[in-house]
Amino acid sequence: MNIVRKTIELNDGRTIEIETGKLAKQADGSAVIKMGGTMLLATVTCARDAEENVDFMPLQVDYKEKFAAAGKFPGGFMKREGRASDYEILISRLIDRALRPLFPADFHAAVFVNVTLISAEKDIMPDALAGLAASAAIAVSDIPFEGPISEVRVARIDGKFCVDPNASDLERADLDIMVGATEENIMMVEGEMKEVSEAEMLDSIKFAHEEIKKQCRAQKELTEEVGKTVKRTYCHEKNDEAVKEACRAYCYDKCYAIAKEGTSKQERNDKFEALREEFLNTIPEEEREEKEFMVGRYYNTIEREAMRRMILDEGVRLDGRKTDQVRPIWCEAGPLPCAHGSAIFTRGETQALATVTLGTKMDMKEVDEVLFNKTEPFVLHYNFPPFAVGEAKAQRGVGRREVGHGNLACRALKNMIPTGEDNPYAIRVVSDILESNGSSSMATVCAGTLALMDAGVQIKKPVAGIAMGLIKDDRSDKYAILTDILGDEDHLGDMDFKVTGTKDGITATQMDIKVDGLPYEVLAQALEQARAGREHIMGEMMKCISEPRPDFKPFVPRIIKMVVPGEFIGAIIGKGGEVIQNMQKTTGATVTIDEVKGEDGVSVGEVEIAGENKDSIDAAIKIIKGIIAVPEVGKTYHGKVVSVVEFGAFIEILPGKEGLLHISEIDWNKTDNVEDVLNVGDEIDVKLLEIDSRSGKMRLSRKALLEKPEGYVEPVRRPRPDRDPRNGDRRGGYDRRNGGGRYNRNGNDRGGNYRNNRHETESPEGEKE
């Protein structure tokens, strides 16, 4: 067993170790990445040959986290890892986007990259190591690859950039980006920021690249040590130079002319397709079927070249715009009368319909991952149905692209959502793309902002987003930066990057660079052009709605928060949740309670009450105030008879608090039978006469609230001979919640005797003295 290890030292002294030759040796390449107690196993396998008539790179990247890596059981009934979570999909995409452009353009064999978290230290974030693991596995294989690459996380914490910070430190960051690069070029950037400048973002990318260079050099050394510097040979494309030249001679000028017409997307595509068919028909019929796929590949290359030359040489784009011009925009706030908030954002041929729904804590998304469990009060979902691009096919489940686009838009908006006391709601934004011709994720950001303001969510600042492109001449230093790119411009360009932000700075970005040697000066110019475009879009949005509506829609559930002493949390919940569930059932309100630390460090209960109308909320508040209320001697209470015994009745004067209404305190006149006056379920007013200082039992009176009859004579009371009047005990009520002394309903007192019994005329058993 030939085990090879390489160690990389980070700028703060921590180390990353790459190991190969020990695990998964039957894969084409495998590597284990170690950092602290965290370990990732990456494997790569490649088909021996490409399938016929494939002209793309069939790459599949899967990132998976094992719950056993952190000593946890998976959730769910099966207690087994299932389909990939959104978190795993997002990491898979980060790896894929950095790797895919570096496979040779004519290499079409299926490649499968699997990265698995097999050991997890709690504070180390494995997503920052996944790209390095995948690239290291390819580096020790014979698969053709123009890498290696690595990915690092850069965060600015307390004003300083740091690489791959611990999870606990990341909470203080105002910039958090992932950067993927080779030793020479930046390939991929994605992250979120708290309104940073373009220059600050560019500095963070430069900082990341310096660290990546060290990791790429270590992989090159690893490749040499394992003897994999020579890669496999392949031939995945059949070529016919005569057909290639004929296609170019016949189609190039016509493609250029079609591209310059400035027609709509569908019309332009129809004309391009008709031209391809026109050339195909020039080939002898007996050769046509054999060469059809080859012609399609040649034609796509010519079409791409014609459109690129038109933009580079004439500064004219496919829809006739200038390079820095944004397409026409129209917006509408509140088009859906029954949604909590809604908006339409249309830019050219791209249209997004966004809706906002406001809910309670119980509606928050629960995330259960290997390294973290949390609830997310703000979520954004992005849907891209086939009809948005005119495709006639069924709409299936959510794909990886939709997860990625939704995540980018969510990161763009989330730091502008009010938190804490300013926003008690769970918020869900849904963006449905109704038309698409480029930059639908940025349309989602704009539509989401408008819908949030329409819903009355007091966002800190509105956010706008824009997608930018770049075309660089292969034969010179000439380049063109494109504002608000079309779908075709995304496909034919060398860079696609999206930037979102407020008027004061960037909130999120996503960048994919497909060209070598792009200077940072060009990137800085592109970011500045993006800022100008973003400000233009923001101005158009503000014409529709310039600030959040002052209040929520009438049918939005209202939420009231109240804080209760920590010792009452159990009483509000009740045994097995009985009290809180009954409260919700009787009032129609939704009630949640969480134990939190108060300002003085003492635990308190944070109660959230949500209801569709004021009456339901008020009813729940009344019950909760009753539970936490402290009974006051001399105060009158409206109570309910919960049980009747021979010597009186137990009255619940507050939720969970009962007192004894002795038979002698029911009326001024003698009561022979309690049930002649009171029955279980009756509601009466009583006065609290006394609370026993030791047991907390309460003595109630009904007659104290009744007018004394005229001529009433106070009976003479004598003490019982079997009780010592000096003992100071008197039977009274008790507080169930506080565990006061309990009565045996047959008359035996288990909780202490009465005091001052010299005034009694009857014993609890009803015997006359």
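Residues numbered from 1 in each chain as written. Predicted model: local features only at pLDDT ≥ 70, side-chain atom pairs only at ≥ 80, totals over all residues. Heavy atoms only, no water.

**Overview of the packing of aromatic side chains**
Next, step 1: Tallying each qualifying case throughout the model produces nine aromatic pairs.
Next, step 2: Aromatic pair Phe103 and Phe107: ring centres 6.4 Å apart, planes at 10°, arrangement stacked.
Next, step 3: When the ring of Tyr425 is compared with that of Phe552, the centres are 4.9 Å apart and the planes differ by 70°; the resulting orientation is edge-to-face. Of the two residues, Tyr425 is situated in the loop between helix 8 (400–414) and strand 17 (426–435) and Phe552 in the loop between helix 11 (520–544) and strand 22 (558–565); the sequence distance between them amounts to 127 residues.
Next, step 4: Residue classification places Tyr425 among the buried residues on the basis of a relative accessible area of 3%.
Next, step 5: For Phe552, a relative accessible area of 23% corresponds to the partly exposed category.
Next, step 6: Following the ring pairs from residue to residue traces out a cluster consisting of Phe103, Phe107, Phe145 and Tyr234. (Phe/Tyr/Trp six-rings, centres within 6.5 Å; stacked < 30°, edge-to-face > 60°. Helix = DSSP H or I, 4+ residues; strand = E, 2+ residues; numbered from the N terminus. Buried < 20%, exposed > 50% of the residue type's maximum accessible area, 1.4 Å probe, protein only.)

**Here we look at the nonpolar core**
Next, step 1: With 113 residues, the main nonpolar core has Phe345, Ile427, Leu452, Phe497 and Ile537 as its most contacted residues.
Next, step 2: Apart from the residues within four sequence positions on either side, Ile537 is in contact with Val326, Ile329, Phe345, Cys446, Ala464, Gly465 and Ile466.
Next, step 3: Membership of the second largest hydrophobic core comes to 54 residues, among which are Ile16, Ile33, Leu40 and Ala136. (Core = buried A, V, L, I, M, F, W, Y, C linked by side-chain atoms within 4.5 Å. Contact = heavy atoms within 4.5 Å.)

**Some words on the state of the cysteines**
Next, step 1: Tallied over the entire structure, the rule returns zero disulfides.
Next, step 2: Counting only cysteine sulfurs, Cys331 is the nearest neighbor of Cys544, a cysteine outside any disulfide, at a range of 5.2 Å. (Disulfide = S-S within 2.5 Å.)

**Re helix 7 (residues 285–314)**
Next, step 1: Maximum bend of helix 7: about 60°, positioned at Lys291.
Next, step 2: Of the residues flanking the end of helix 7, it is Gly315, one or two places downstream, whose phi is positive at about 65°. (Bend = angle between axes of the 7 residues up to and from the residue.)

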